[in-house]
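The lines below spell out each chain.
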Amino acid sequence: MPVTEPENLDPIAISEQQFDHAVCYIQKLKKGLIEFLKKPKRITIVNFPIEMDDGSVQSIQGYRVVHNRVFGPGKGGIRYHPDVTIEEVIALAKLMTWKCALVNIPFGGAKGGVVCNVKALTENELRRITRRFTSELADNIGPYTDIPAPDMYTSEQTMAWIFDTYDVLHPGENNRPVVTGKPVEMGGSYGRHEATGNGVYHVTERFLSKALIAEQQTVAGASIVIQGFGNVGAISAQAFFRNGAKIIAVSDSQGGVYCAEGLNPDELLAFKNEHGTVVGLRDTMTVTNEELLELECDILIPAALSHQIHADNAHKIKAKVVVEAANDPTTPKADEILAERGIYLLPDIMTNAGGVTVSYFEWVQNQANQQWDIEEVNARLQKRMYKLVDVVFDRWQGFVVGEETPSDEESIKISGGKKPDFRSIALSIAIERVAKATLLRGIWP
Ligand code: NAD
């Protein structure tokens, strides 16, 4: 049923709404502590000039937000995008705090952004923007204060430039842990590039093994639809395909392709590398990104942009499980509609946590000047992802069977007396951990 009133898609409003739902499932926190947990610790906004290749000068704005450092240094990517806003960066920094706490790694949450259009810049211009942005951030980043990583339109090369700039400004120290997602030749970790996509796969297979969907307890034979065939989407597709799933549709910014008999991700990648899009691959039917989301399938994986599943299309989703590989692809209203329709949703905070997990492995390796082999990285990743699903599932089940209940009358009202969703439960575990650590540290002075 289409909804007439437009949803509030402000990223901070969405993150607050998700937070308010989650705290229903933990012991009541003091009001002031809740306020502290919601707000970012530090916001840095910098403006700087850049000389372009043609001699002109452009003014560039960049952001770095540290949301919380109770568990350790801030951790989070830097995205380069013409539409990036400070509100978006704040919301994503918060998500990083909860993600790190949920996977139990000793980091807080942070995020960064630079307002620029990578597609319109040369490599030299990008290098100058990256170096100047890094020097403007100065000691706001550092191996023990705030550790950036790649995000949309930033890459291993961007991280190498950030490391080099920071290293020039801090000679004589082991500066490798100042950024993760570096090239393997520069102290990057084996398996980091594939970590988020492989994590998506491990979270899904562990979830299916819990037998909530009687007819689909393994990945084998499952039909999969993936929106976004970039790093995360393509690596996820390969992992599902290797394990016997059928990838029936994928898409990129130019549209999607569908084949009921199944697509081969390696063929898709080769075609995309040659043509710049998956659209046009032989023996496939072209679909729009909107149609793709509404295809009948077992598992739908949004792996591109935020707010793709919303109030106006959530009632048309035909998947049994939605697996959020992208950050924030589902709006709160869509969360409600999917839950009412009995469609399970595995939230971003769990599903795409593989990336930050291997970033943490990289940071650990850098401290010790070591490089683990790929088998070791992958085995450690799988173990962490399984554990994460088990912890969330056990808490969720506690509420479903009634062993646990929302903490007070107000919480019962907010939760609507309904079964909890996995997002609220995963977030509640993370919030509870950060709240407890805040109090254990002792509020200073
Ligand atoms: P990417 O840039 O490699 O890939 C994005 C893909 O989305 C591209 O194929 C692009 O063509 C496609 N796309 C863009 N607009 C689209 C549209 N309107 N419809 C369909 N597809 C569209 O980015 P990525 O690293 O794969 O990240 C994807 C998502 O995963 C983002 O939300 C990101 O924040 C999230 N994420 C990534 C990582 C990571 O380690 N890369 C970690 C956690 C979360």
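Scroll up to find the structure.
As a starting point, this report considers the structure included with it. This one's a predicted model, so the numbers in the text were calculated from it and none came from an experiment. (Residues numbered from 1 in each chain as written. Predicted model: local features only at pLDDT ≥ 70, side-chain atom pairs only at ≥ 80, totals over all residues. Heavy atoms only, no water.)

## Overview of the overall build of the protein chain
Okay, so step 1: The secondary structure content of the protein chain amounts to 15 helices and twelve strands.
Okay, so step 2: The C-alpha radius of gyration computed for the protein chain amounts to 21 Å, which stays within 12% of the reference 22 Å derived for 445 residues, consistent with globular compactness.
Okay, so step 3: Its C-alpha atoms put the protein chain at 65 × 60 × 45 Å along the principal axes.
Okay, so step 4: Counting all 445 residues of the protein chain, 56% fall into the buried class. (Helix = DSSP H or I, 4+ residues; strand = E, 2+ residues; numbered from the N terminus. Rg over C-alpha atoms; globule rule 2.2 N^0.38 Å. Buried < 20%, exposed > 50% of the residue type's maximum accessible area, 1.4 Å probe, protein only.)

## Digging into the nonpolar core
Okay, so step 1: Core analysis: the biggest nonpolar cluster contains 85 residues, and Ile301 and Ile431 have the highest contact counts within it.
Okay, so step 2: Top element by residues in this core is helix 15 (residues 422–441). It accounts for ten residues.
Okay, so step 3: Leaving out residues up to four positions away in the same chain, Ile301 has contacts with Val200, Ile224, Val225, Ile226, Gln227, Phe240, Val323 and Ala325.
Okay, so step 4: Judged by nonpolar contacts, the second largest core, of 23 residues, contains Cys116, Leu121, Leu126 and Met159. (Core = buried A, V, L, I, M, F, W, Y, C linked by side-chain atoms within 4.5 Å. Contact = heavy atoms within 4.5 Å.)

## Let's talk about the site of the ligand
Okay, so step 1: Neighbouring the ligand are 21 residues; Thr196, Asn231, Val232, Asn289 and Ala304 lie closest to it.
Okay, so step 2: One of the backbone nitrogen or oxygen atoms of Asn231 is found 2.9 Å away from an oxygen atom of the ligand.
Okay, so step 3: The separation between an oxygen atom of the ligand and a polar main-chain atom of Ser253 is 3.1 Å.
Okay, so step 4: For the shell around the ligand, the secondary-structure elements that each account for two or more residues are helix 6 (192–208), helix 7 (231–242) and strand 7 (246–252). (Near = heavy atom within 4 Å. Polar contact = N/O pair within 3.5 Å; in protein donor to acceptor, adjacent residues only side chain to side chain.)

## Here's the deal with the pattern of salt bridges
Okay, so step 1: All told, the structure shown has 25 salt bridges when counted by the stated rule.
Okay, so step 2: For Asp298, the salt bridge identified is with Lys320, shortest N-O distance 2.5 Å. Taken as a pair, Asp298 in the loop between helix 9 (289–293) and strand 10 (299–302) and Lys320 in the loop between strand 10 and strand 11 (321–323) lie far apart in primary sequence, 22 residues in all.
Okay, so step 3: The class for Lys320 is partly exposed, based on a relative accessible area of 28%.
Okay, so step 4: Linking Glu432 and Arg395 is a salt bridge whose minimum nitrogen-to-oxygen distance equals 2.6 Å. Here Glu432, found in helix 15, pairs with Arg395, found in helix 13 (residues 374–400); they are 37 residues apart in sequence, far enough to count as distant.
Okay, so step 5: For Arg395, a relative accessible area of 16% puts it in the buried group.
Okay, so step 6: When salt bridges that share partners are traced, they join Glu16, Asp20, Lys38 and Lys94 into one network. (Salt bridge = Lys/Arg side-chain N within 4 Å of Asp/Glu carboxyl O.)

## Side note on the sheet that holds strand 10
Okay, so step 1: Here we have seven strands laid out as an open sheet, ordered 9-8-7-6-10-11-12, and mixed in their pairing. Unpaired on one side and paired on the other, strand 9 (285–287) and strand 12 (344–346) mark the two borders of the sheet. Averaged over neighbouring strand pairs, the angle between their axes works out to 20 degrees when direction is ignored.
Okay, so step 2: Strand direction decides the pairing type here: strand 7 and strand 8 (residues 255–263), joined by five bridges, are antiparallel. Looking at strand 8, one finds that Ile247 is bridged to Leu263. (Pairing = 2+ DSSP bridges. Axes fitted to C-alpha atoms, helices over the stretch in contact; angles between N-to-C directions.)

## Description of the packing of aromatic side chains
Okay, so step 1: Per the counting criterion, the structure on display carries 16 aromatic pairs.
Okay, so step 2: Their ring planes at 80 degrees and their centres at 5.2 Å tell us that Tyr201 and Phe240 sit as a pair that is edge-to-face. A residue pair is termed long-range when its members are at least 10 positions apart, and Tyr201 in helix 6 and Phe240 in helix 7 qualify at 39 residues.
Okay, so step 3: Through a chain of ring-to-ring contacts, the aromatic side chains of Phe107, Tyr144, Tyr360, Phe361, Trp363 and Trp372 assemble into a single cluster.
Okay, so step 4: Cation over ring: Arg380 sits above Trp372, and NZ or CZ is 4.1 Å from the ring centre. (Phe/Tyr/Trp six-rings, centres within 6.5 Å; stacked < 30°, edge-to-face > 60°. Lys NZ or Arg CZ within 6 Å of the ring centre and 35° of its normal.)

## Let's talk about a nonpolar patch on the surface
Okay, so step 1: Taken together, the side chains of Val184, Tyr190 and Ile374 define a hydrophobic patch exposed on the protein surface, amounting to about 210 Å² of accessible area.
Okay, so step 2: Structurally, the position occupied by Tyr190 is in the loop between helix 5 (156–169) and helix 6.
Okay, so step 3: Residue Tyr190 is classed as partly exposed on the basis of its relative accessible area, which comes to 38%. (Patch = residues over 30% accessible without salt bridge, like charges linked within 9 Å, V, L, I, M, F, W, Y side chains within 5 Å. Areas by Shrake-Rupley, 256 points an atom, 1.4 Å probe, with all protein chains shown as cover.)

## Describing the side chain of Thr284
Okay, so step 1: Relative to the assigned elements, Thr284 resides in the loop between helix 8 (265–275) and strand 9.
Okay, so step 2: Reaching out from Thr284, the side chain makes a polar contact with the backbone oxygen of Leu281 at a distance of 2.5 Å.
Okay, so step 3: Beyond its immediate chain neighbours, meaning those up to four positions away, Thr284 contacts Val257, Tyr258, Cys259 and Leu263.

## A short note on unusual backbone geometry
Okay, so step 1: Between Trp444 and the following residue, Pro445, the backbone shows a cis peptide bond with an omega angle of 10 degrees.
Okay, so step 2: Mapped onto the elements, Pro445 comes out in the segment after helix 15.
Okay, so step 3: With a phi close to 50 degrees, Ala138 is a non-glycine residue in the positive phi region.

## A short note on the pairing of strand 1 (residues 42–51)
Okay, so step 1: Where strand 1 meets strand 2 (residues 57–68), ten bridges bridge the pair, whose relative direction is antiparallel. Considered in strand 2, the bridge of Arg42 is made with Val66.
Okay, so step 2: Turn length for the strand 1-strand 2 hairpin, with the two strands adjacent in sequence and antiparallel, is five residues, and the turn residue Gly55 shows positive phi of about 95 degrees.

## Overview of helix 13
Side chains three or four residues apart in an α-helix point the same way, a direct result of the helix having 3.6 residues per turn.
Okay, so step 1: For helix 13, built from 27 residues, the straight-helix expectation of 39 Å at 1.5 Å per residue is met to within 8% by its first-to-last C-alpha distance of 39 Å.
Okay, so step 2: One or two residues past the end of helix 13 sits Gly402, with phi positive at roughly 90 degrees. (Expected span 1.5 Å × (residues − 1).)

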